[in-house]
Amino acid sequence: MKAADLPKSRVVLLLVDFINPLNFPKAGELAPAAVEAARATAALKKALRADGVPAIYANDNFGSWRSDFPALTRGLVAGRGPSAQMARLLRPARDDLSVLKPRHSAFYGTPLDILLDSIGAREIIITGVAADICVQITATDAFLRNFKIKVPSNCIASETEQAKEQALEHMRRVLRCDTQPR
């Protein structure tokens, strides 16, 4: 998609690591909350889409430098279990955008800054997993870039409720995030 073809919006929805095979040691602890967050995010995405707000997927490359986001999505959608549920709930639409991230932040080592600038975004609604790692670090980077940040508490998940609540408190207090559920 050329820059001229990008949507223009002051607000964007950022979906962090929802398209996820959940193949790490504590994935079983994260999975139920992640599916619930994906369900809430799917409803939010639908409502925002009706208002013309673009969606950007920021997903781990899972250490693979030959990552193919559409192929990962197709594979997960065809599978079973929580990762398939999330992928089916949040399957990217044809006009959704994506960036692959090599580390925790959606900004670090990605073209997200350029993409947001091209769209004209000034506010980011961050959703995803895990709240206390990738979501919080992405919110920190957005804060450092002077974006207005919303992190709806019902659209994020962590391995424990305590970890999620601690991340939300930090994001409210330090990053001045609006964490009201949507």
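Residues numbered from 1 in each chain as written. Predicted model: local features only at pLDDT ≥ 70, side-chain atom pairs only at ≥ 80, totals over all residues. Heavy atoms only, no water.

### Overview of helix 1 (residues 27-50)
Because the α-helix completes a turn every 3.6 residues, residues three or four places apart line up on one side.
Right, on to step 1. Along its 24 residues, helix 1 runs 33 Å from first to last C-alpha, staying within 8% of the 34 Å computed at 1.5 Å per residue.
Right, on to step 2. Most pronounced at alanine 33, the bend in helix 1 amounts to some 30°.
Right, on to step 3. Remark: glycine 52 follows helix 1 within two positions and exhibits a positive phi of approximately 85°. (Helix = DSSP H or I, 4+ residues; strand = E, 2+ residues; numbered from the N terminus. Expected span 1.5 Å × (residues − 1). Bend = angle between axes of the 7 residues up to and from the residue.)

### Focus on the packing of helix 5 (residues 131-144) against helix 6 (residues 161-173)
Right, on to step 1. Two elements in contact, helix 5 and helix 6, have axes whose closest approach is 9 Å; the angle formed by their N-to-C orientations is 15°. Between helix 5 and helix 6, the interaxial angle falls into the category roughly parallel. Considering how the two elements wind past one another, helix 5 and helix 6 form a crossing that is right-handed. Counted together, Ala131, Asp132, Val135, Gln136 and Ala139 of helix 5 and Ala163, Lys164, Ala167, His170 and Met171 of helix 6 form the full contact between these two elements.
Right, on to step 2. Its residues assigned to classes, the contact of helix 5 with helix 6 shows 6 nonpolar, 2 polar and 2 charged. (Axes fitted to C-alpha atoms, helices over the stretch in contact; angles between N-to-C directions. Parallel < 35°, antiparallel > 145°, perpendicular 65-115°, else oblique. Left-handed = near helix turned anticlockwise from the far one by under 90°. Contact = heavy atoms within 4.5 Å. Nonpolar A, V, L, I, M, F, W, Y, C, P; charged D, E, K, R; others polar.)

### Structural notes on the packing of aromatic side chains
Right, on to step 1. Under the defined criterion, the tally for this structure stands at 2 aromatic pairs.
Right, on to step 2. Both rings, one in tyrosine 57 and one in phenylalanine 69, keep their centres 5.8 Å apart while their planes meet at 45°; by these two values the pair is tilted. Remark: phenylalanine 69 occurs in helix 2 (residues 69-77) and tyrosine 57 occurs in strand 2 (residues 55-60); sequence separation between them is 12 residues.
Right, on to step 3. Geometrically, the ring pair formed by phenylalanine 107 and phenylalanine 147 is tilted, given 6.4 Å between the ring centres and 35° between the ring planes. In this pair, phenylalanine 107 is assigned in the loop between strand 3 (97-101) and helix 4 (112-119) and phenylalanine 147 in the loop between helix 5 and strand 5 (148-150), connecting sequence segments 40 residues apart. You'll find phenylalanine 107 and phenylalanine 147 in the same group, each marked buried.
Right, on to step 4. Against the face of phenylalanine 147 rests arginine 122, its NZ or CZ located 4.7 Å from the ring centre. (Phe/Tyr/Trp six-rings, centres within 6.5 Å; stacked < 30°, edge-to-face > 60°. Buried < 20%, exposed > 50% of the residue type's maximum accessible area, 1.4 Å probe, protein only. Lys NZ or Arg CZ within 6 Å of the ring centre and 35° of its normal.)

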